[in-house]
Protein chains: 2
Amino acid sequence: MSSITKSKSVTAEEITAQLSDAVHEHRLKPGAKLREDEVSDVFGVSRTVVRQALRAMAFEGLLAIEKNRGAFVAKPTLKEAHEVFQARALLEPSTARAAAERTTPEDIALLERHISEEHDALDKGKPGLALKLSGDFHLEIARIADQQTIEQFLKQLVSRSSLVIALYWKRRNALCESNAHHALVDALRNHNGSSAEDLMKGHLLDIYSQLDLRESDEGSTSLKEALRR
Amino acid sequence: MSSITKSKSVTAEEITAQLSDAVHEHRLKPGAKLREDEVSDVFGVSRTVVRQALRAMAFEGLLAIEKNRGAFVAKPTLKEAHEVFQARALLEPSTARAAAERTTPEDIALLERHISEEHDALDKGKPGLALKLSGDFHLEIARIADQQTIEQFLKQLVSRSSLVIALYWKRRNALCESNAHHALVDALRNHNGSSAEDLMKGHLLDIYSQLDLRESDEGSTSLKEALRR
DNA sequence: TCCTGTATTATTGTATACAATTATTGCCTA
DNA sequence: TAGGCAATAATTGTATACAATAATACAGGA
């Protein structure tokens, strides 16, 4: 929670945004607990508004709130991990196709700026930031498609993907996916919908295949935690 | 809010459920305001827990919370109405296909019970209840498919569909869709995935075509409300 | 030492008081 | 009478106090 800034009157939305960024960038890791008065101290507001923020994040699947125990950064199970990418496979390719018909030069500029920021982040040794930007890239495509409902779902799916990647990514220093994003931008620029759809499908499969989603003992659940439920 | 029962200690989830039912059954109509202390009086809890419930409903798209003004039953725009059914068209057919591979005799029994309850509700002149049951039928299929993530999204989409139907349904007394549901159950019983997929696709298109989604003055917004924004 | 039950502490859940904002009413004036 | 302004009321937003629950520490006995 280093780069969190406090100011005079912080809204619940700002807290949600800053904490969400921290989760996306893996500064807050799956399983981490967020105590209410700790967060309220950091942001200088009462627990009331902190609870709003935490509940909002729970709705997005970023946190799991356990009654009388508190809010924890979510730890998606293997099943949830599969489900997230199955849902993305249903939503994103056709959304990319729709986006291709509507992409403007300004959109292209924005997407390319996005990609270069992503590269910068990787160069500067900030893989968490790069991952967050990579997720935003996907959301940007839903925005271009002018599909707010799908964009909203996708926001949740991208959030959960970030947690899935934190838990199940095979090798830490993969140079991954920038090529796929470049190719997608090309397809969008040329208003080539079916190409965009195919590229997106392949891109998602590519990410999916880089995850280690074999059966295991469900991550690092401690004995104590296992016995609790 | 007639059939709402109060008991000694009501949780936010119960309030959410009861209010959601009221919205689904169109006892609470789009645009209706839910004042916090009114709801807290009805359920016998403090505003704190009521606000939890209202915010949860806002996340599902059932309510729109306007800052310093309160919570109102949502009024989906035409664009949102289109988006809801586009999203359903992406998610539900393939989910029905997946469900067909996993449907058990118990599932069939449950679904048939569902359909008969739906008929009962129609016979007894409770079209709102019938509509709610009809939505639950679709959720049940996602449950059978064992896709919790998609089920969660679908829950939101079905909720919003209920609002869309309240606002844009063409003729009030359509005898509608029970045949489609019967056909779907048959396909599921026979584990016929592609049939289930096709039937679902057609069923959604059928509902969609019975909506009056042409451009208009956005429904029955009052003059006062129209001037406010 | 290890287990168990109990006392203590820490943390979340709920209610309530107060502040800030918006809606309403009534009055005054043109 | 209509419009605007001010005062009042109604409603939501936030902070805080207290209650309920869970986690921890500790003591006693096998």
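Further up the page is the structure itself.
Quantities reported herein were computed from a predicted structural model and do not represent experimental measurements.

Draft legend 1. Seen up close, the packing of helix 4 (residues 78–100) of chain B against helix 6 (residues 127–144) of chain B. Residue and element names in this part refer to chain B. Orientation of helix 4 relative to helix 6, taken along the N-to-C sense of each, is 55°, at an axis distance of 8 Å. If you check the angle between helix 4 and helix 6, you find them oblique. Taken as a pair, helix 4 and helix 6 cross one another with a handedness that is left-handed. Along the contact surface, helix 4 presents R88, E92, T95, A96 and A99, while helix 6 presents H138, I141, A142 and I144. Along the lines of polarity and charge, the residues of the contact of helix 4 with helix 6 split into five nonpolar, two polar and two charged.

Draft legend 2. Quick peek at the protein's contact with DNA strand D. Close to DNA strand D lie 18 residues, the nearest being A:S46, A:T48, A:R69, B:R47 and B:R51. Restricting attention to atoms of DNA strand D within 4 Å of the protein, one finds that 73% of them are sugar or phosphate atoms. Going through the elements one at a time, helix 3 (47–59) of chain A together with strand 1 (33–34) and helix 3 (47–59) of chain B are the ones with two or more residues in the surface near DNA strand D. Here the element with the most residues in the surface near DNA strand D is helix 3 of chain A; it accounts for three residues. Across the surface near DNA strand D, the residue classes break down as three nonpolar, six polar and nine charged.

Draft legend 3. The relation of the copies chain B and chain A, seen in detail. Rotating chain B by 180° and translating it 0.0 Å along the rotation axis places it on chain A, where the RMSD comes to 0.0 Å. Put plainly, the chains are arranged around a two-fold axis. Measuring from the rotation axis to each C-alpha of chain B, the shortest distance belongs to B:L90, at 3.2 Å.

Draft legend 4. Just the packing of aromatic side chains, in detail. If you walk through the whole model with that rule in mind, you get four aromatic pairs over all chains. Summarising the aromatic geometry, the rings of A:F59 and B:F59 are spaced 4.4 Å apart at their centres and angled 15° between planes, so their arrangement reads as stacked. Pair noted here: A:F59 is in helix 3 and B:F59 is in helix 3, and the two residues belong to different chains. For A:F59, a relative accessible area of 32% gives the class partly exposed.

Reading guide: rules and limits
Residues numbered from 1 in each chain as written. Chains lettered and ligands numbered in written order. Predicted model: local features only at pLDDT ≥ 70, side-chain atom pairs only at ≥ 80, totals over all residues. Heavy atoms only, no water. Axes fitted to C-alpha atoms, helices over the stretch in contact; angles between N-to-C directions. Helix = DSSP H or I, 4+ residues; strand = E, 2+ residues; numbered from the N terminus. Parallel < 35°, antiparallel > 145°, perpendicular 65-115°, else oblique. Left-handed = near helix turned anticlockwise from the far one by under 90°. Contact = heavy atoms within 4.5 Å. Nonpolar A, V, L, I, M, F, W, Y, C, P; charged D, E, K, R; others polar. Near = heavy atom within 4 Å. Least-squares fit on C-alpha atoms with pLDDT ≥ 70 in both. Phe/Tyr/Trp six-rings, centres within 6.5 Å; stacked < 30°, edge-to-face > 60°. Buried < 20%, exposed > 50% of the residue type's maximum accessible area, 1.4 Å probe, protein only.

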